[in-house]
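# Coordinate inspection notes
Spelled out from the first residue to the last, the chains are:
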Amino acid sequence: MPTLFAETALLPDGWAEHVRIDWDAAGTILSVKPGLAPGSAERADAILPGMANLHCHAFQRAMAGLTERAGPEGDDFWSWREVMYRFLAALDPDQVEAIAAQLYVEMLKSGTTAVAEFHYLHNDPAGRPYADRAELATRIAAAAGAAGIRLTLLPVLYQSSNFGGAAPTQGQRRFLMTTDAFNALVQTLVAAHRGSHTIRVGIAPHSLRAVPPAALAEAKAALDRLDSTAPIHIHAAEQTKEVEDCVAWSGRRPVEWLLDELKPDRRWALIHCTHMTPDETRRLAASGAVAGLCPTTEADLGDGFFPLIGYLAANGRFGIGSDSNVGIAPAEELRWLEYGHRLNRRKRNLVPAEAGQSIGAKLWRAALAGGAQALAQPIGAIAPGSRADFLALDRNHPALAGRANDFLLDALVFAGGTAAIRHVMVGGRWVVRDGRHPGEERIAENYRAAIRRLA
Ligand SMILES: [Zn+2]
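Report on the accompanying structure. (Residues numbered from 1 in each chain as written. Predicted model: local features only at pLDDT ≥ 70, side-chain atom pairs only at ≥ 80, totals over all residues. Heavy atoms only, no water.)

### A look at the overall build of the protein chain
On a plain count of helices and strands, the protein chain comes out with 14 helices and 16 strands. Relative to a compact globule of 455 residues, whose C-alpha radius of gyration would be 23 Å, the protein chain shows 21 Å and is just as compact. Reported as C-alpha extents along the three principal axes, the dimensions of the protein chain are approximately 65 × 50 × 45 Å. Looking at the protein chain as a whole, 58% of its 455 residues qualify as buried. Counted over contacts in the protein chain with a minimum sequence separation of 6, partners at least 24 positions apart contribute 73%. For the protein chain, the exposed surface amounts to about 17,600 Å²; the carbon and sulfur share of it is 51%. In the protein chain, the 47 positive side-chain charges and the 50 negative ones have mean positions that sit 2 Å from each other. (Helix = DSSP H or I, 4+ residues; strand = E, 2+ residues; numbered from the N terminus. Rg over C-alpha atoms; globule rule 2.2 N^0.38 Å. Buried < 20%, exposed > 50% of the residue type's maximum accessible area, 1.4 Å probe, protein only. Contact = heavy atoms within 4.5 Å. Areas by Shrake-Rupley, 256 points an atom, 1.4 Å probe, with all protein chains shown as cover. Lys, Arg positive; Asp, Glu negative; His and termini not counted. Charge placed at Lys NZ, Arg CZ, Asp CG, Glu CD.)

Following this line, the structure appears as structure tokens:
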């Protein structure tokens, strides 16, 4: 039986010393026992659960950094989106796979062991379905397999360009699917990955502006017939224009509409929710759904501030995502969650906490729980029944020298401790050893070739 001995490990109740962890051939933890001798077990220094990234559009990694030039009339989310549509217009399946594999290796090395891919590229560059409608979703799963990252695959339903079923634009042609075709795709993917220990399938109705309510209800009903616990993710209230358009359409704001009409619960992740009233904030917190926060993308796109402090005070659940992949490291996302509010309020340590409690630990642990819930996989804890997905930190690294327990997490989140991530395990298998991924040269060469062809 595979066994690991950790000098110290972050367990659900806190840090423990001299911990033996063993797991079965499928990568599920069987036992976690503190206070033991190492025996013949492989040894590691400080172990913590790997982070889940709950919101990613992998292909956007290859355009990161290409949209930072001043436009003629002032840039915003909507001008960025036009560039994004032009960028994706020519991507072929090999490029989609090469970009995702490179991204997923980078994620693993930065401490992410699971990713929810909000996958909305379905059609070929002309907007026609591929002969196999699951072509590009299959490429995403293949990239995750090559990298060794855990995947929650969320095919996206996308039908309209604005609220009320407005006709889609030319730039959206690669995303479009009828509800029947979408449900068939989901059925194919659920069947392909049923019983998998590393891939879970859910759905992602893109947003209220892209999916009319009747189609959303049909897609959810079809998913329920296949898997009534599968996750459902949706973008909501990222932009003030989106809120205004939703009010003009329905008389209600996007999060308000979703809470009223769909009664989201623990199966749901509402991505961004940047613009909420205090009442929406309290109601979302009480719903049990996860808010999917993507601070570096939200900053890059000029979205606004999520009302984090009030949401956490109401015991709201959240996880973090890399969304457009301008930032990939979970520590950076968590740091900016707190930093945004520090800059805004000119105060420090603003995430609600008891006196003396570590903000880094509070953020890391909350995002582990929210990420596990949103990915709908048994992850985010070093405990029997959870998957063996770990980060092994090197406490000899200068970034962690003299740090113990929650100070390790403060260093990780706020002080460059990511550099001390030495090994990464997913499903009981080391996928990064001594900072290296065994396939990284080949995957990076494929990525460079894909980028050369794009240019
Ligand atoms: Zn997104």
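### Considerations on the sheet that holds strand S1 (residues 3-11)
Taken together, the seven strands give an open sheet; going across it, the order is S3-S2-S1-S4-S14-S15-S16, and neighbouring strands pair in mixed fashion. Each of the sheet's edge strands pairs with one partner strand only, and the pair in question is strand S3 (29-33) and strand S16 (429-432). Ignoring strand direction, the axes of neighbouring strands in this sheet form an average angle of 40°. Across three bridges, the pairing between strand S15 (residues 421-426) and S16 is antiparallel. Opposite Met425, over in S16, you have Trp430 as the bridge partner. (Pairing = 2+ DSSP bridges. Axes fitted to C-alpha atoms, helices over the stretch in contact; angles between N-to-C directions.)

### Considerations on the pairing of strand S4 (residues 42-49)
With respect to burial, S4 is a largely interior element, six of its eight residues being buried. Pairing geometry for S1 and S4, over five bridges, is parallel. Considered in S4, the bridge of Leu4 is made with Glu42.

### Things to note about the packing of helix H11 (residues 330-345) against helix H12 (residues 359-375)
Across the interface, H11 lies against H12 with an axial gap of 10 Å and an inter-helix angle of 115°. Where H11 crosses over H12, the handedness of that crossing is right-handed. Facing H11, whose interface residues are Pro330, Ala331, Leu334, Leu337 and Glu338, H12 presents Ile359, Leu363, Trp364 and Ala367. (Left-handed = near helix turned anticlockwise from the far one by under 90°.)

### Points about the coordination of the zinc ion
Looking at the zinc ion, the protein donor atoms are His55 (NE2), His57 (NE2), His235 (NE2) and Asp323 (OD), and they sit 2.1 to 2.6 Å from it. Here the donor residues of the zinc ion share one chain and are spaced in sequence as H-x1-H-x177-H-x87-D. Take His55 and His57: they sit in the same class, and that class is buried. (Donors = N, O, S within 2.8 Å, 3.2 Å for Na, K, Ca; no water.)

### So, the side chain of His193
Along the chain, His193 turns up in helix H4 (residues 179-193). With relative accessibility at 18%, the residue His193 sits in the buried group. Aside from chain neighbours lying at most four places away, what touches His193 is Ala141, Ile199 and Val201.

### Some thoughts on the pairing of strand S11 (residues 268-272)
Burial runs high along S11: five of the five residues are buried. Across five bridges, strand S10 (residues 232-236) lies against S11 in parallel orientation. Counterpart to Ile232 in the pairing with S11 is Trp268. Handedness of the crossover is the feature at issue here: the chain leaves S11, passes through helix H8 (residues 278-287), returns alongside strand S12 (residues 290-293), and the resulting connection is right-handed. (Right-handed = clockwise from strand over helix to strand, strands pointing away.)

### Overview of unusual backbone geometry
In this model, His18 sits at a positive phi of 50°, which is unusual for a non-glycine residue. Here the phi dihedral of Cys273 falls at roughly 50°; this positive angle occurs in a residue that is not glycine. Secondary-structure assignment places Cys273 in the loop between S11 and H8.

### Quick look at the state of the cysteines
In total, this model carries zero disulfides according to the counting rule given. Free cysteine: Cys246, not disulfide-bonded; nearest cysteine sulfur from Cys273 at 12 Å. Note on Cys294: no disulfide assigned, nearest cysteine sulfur contributed by Cys56 at a separation of 9.6 Å. (Disulfide = S-S within 2.5 Å.)

### A short note on the environment of Gln102
Within the secondary structure, Gln102 is located in helix H2 (residues 93-109). Residues Gln102 and Ala37 lie 65 residues apart in sequence; the distance between their C-alpha atoms is 39 Å. The residues touching Gln102, leaving out its near neighbours within four places in the chain, are Ile443, Ala444 and Tyr447.

### Side note on the side chain of Thr8
Counting through the fold element by element, Thr8 comes out in strand S1. Overall, the relative accessible area of 2% leaves Thr8 in the buried class. Among the polar contacts listed, one links the side chain of Thr8 to the backbone oxygen of Ala16, at a separation of 3.3 Å. The contact partners of Thr8, leaving out residues within four places of it in the chain, are Trp15, Ala16, Glu17, Asp45, Ala46, Ile47, Arg395 and Asn405. (Polar contact = N/O pair within 3.5 Å; in protein donor to acceptor, adjacent residues only side chain to side chain.)

Keep in mind these numbers describe shape, not what the thing actually does.
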